Amino acid sequence: MAKIRQVGGRISERILKQHNIEITSAQGRIMFALWQNDGISINELAKKTQLKKSTLTSMLDRLERMGYVRRQRSKKDRRKILIKRTEKDRTMEKKYVEVSEEMTRLFYKGFSKSQIDSFEKDLERILNNLTEFEANANLRKDGQ
């Protein structure tokens, strides 16, 4: 899995560059989550991206400097900061989607639909196992 991640990351970065997209694939995970639900809190975004808050905060700082996101206080709860997309991100979304589709075609070249479905179910099961373990480990740690 580590080798797939390394090679896939290098290819993804190359394709992003070819499409003149200046964000990294990791930052793309954040943007994808915001496409699904714009204007969410950092806590919600951390859950959706599986990133630690400290990592997410530094990535958001960079995305904000680049003009892709902005922070805004919630009108309902002034203590809460929401992450909002900008017009710059909205104009780039189509390119992001094209890169994502290109990567998906590369990943699944030669796979049948049923193989893809089965593989993705297995990956989801692995993710659920790991997420459950991590949540239980955090509960044990917090309970001590």
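All of these numbers come straight from a predicted model, not from anything done at the bench. (Residues numbered from 1 in each chain as written. Predicted model: local features only at pLDDT ≥ 70, side-chain atom pairs only at ≥ 80, totals over all residues. Heavy atoms only, no water.)

Chemist: For the overall build of the protein chain, give the residues involved together with the corresponding values.
Modeler: Each helix and strand counted, the protein chain has six helices and three strands in total. Going from the N terminus to the C terminus, the protein chain shows its helices and strands as α-α-β-α-α-β-β-α-α. Principal-axis analysis of the C-alpha atoms places the extent of the protein chain at approximately 50 × 45 × 25 Å. For the protein chain, contacts bridging at least 24 residues in sequence account for 48% of all contacts bridging at least 6. Total accessible area on the protein chain is roughly 10,600 Å²; 52% of this is exposed by carbon and sulfur atoms. (Helix = DSSP H or I, 4+ residues; strand = E, 2+ residues; numbered from the N terminus. Contact = heavy atoms within 4.5 Å. Areas by Shrake-Rupley, 256 points an atom, 1.4 Å probe, with all protein chains shown as cover.)

Chemist: Just give me the short version of the packing of helix α2 (residues 25–36) against helix α3 (residues 42–49), but keep the residues and values in it.
Modeler: Between α2 and α3, the least distance of the axes is 10 Å, while the angle of their chain directions is 115 degrees. Between α2 and α3, the angle is such that the two are roughly perpendicular. Judged by the twist between their axes, the crossing of α2 over α3 is right-handed. Here α2 contributes R29, I30, A33 and L34 to the contact with α3, which in turn contributes L45, K48 and T49. Residue classes in the contact of α2 with α3 are distributed as four nonpolar, one polar and two charged. (Axes fitted to C-alpha atoms, helices over the stretch in contact; angles between N-to-C directions. Parallel < 35°, antiparallel > 145°, perpendicular 65-115°, else oblique. Left-handed = near helix turned anticlockwise from the far one by under 90°. Nonpolar A, V, L, I, M, F, W, Y, C, P; charged D, E, K, R; others polar.)

Chemist: Kindly report on the packing of aromatic side chains, identifying the contributing residues and their values.
Modeler: In the structure shown here, the tally under the stated rule is five aromatic pairs. Centre to centre, the rings of F32 and W35 are 5.9 Å apart; their planes meet at 70 degrees, and the pair counts as edge-to-face. Here F32 pairs with W35, and both are found in helix α2, just three residues apart, close to one helical turn. (Phe/Tyr/Trp six-rings, centres within 6.5 Å; stacked < 30°, edge-to-face > 60°.)

Chemist: How would you sum up the side chain of T49? Please name residues and give values.
Modeler: Here T49 is to be found in helix α3. The exposure class assigned to T49 is buried, which follows from its relative accessible area of 4%. A polar atom in the side chain of T49 sits 2.8 Å from the backbone oxygen of L45. Once residues within four sequence positions are removed from consideration, T49 is found in contact with R29, I30 and A33. (Buried < 20%, exposed > 50% of the residue type's maximum accessible area, 1.4 Å probe, protein only. Polar contact = N/O pair within 3.5 Å; in protein donor to acceptor, adjacent residues only side chain to side chain.)

The values are spatial; any link to function lies outside them.
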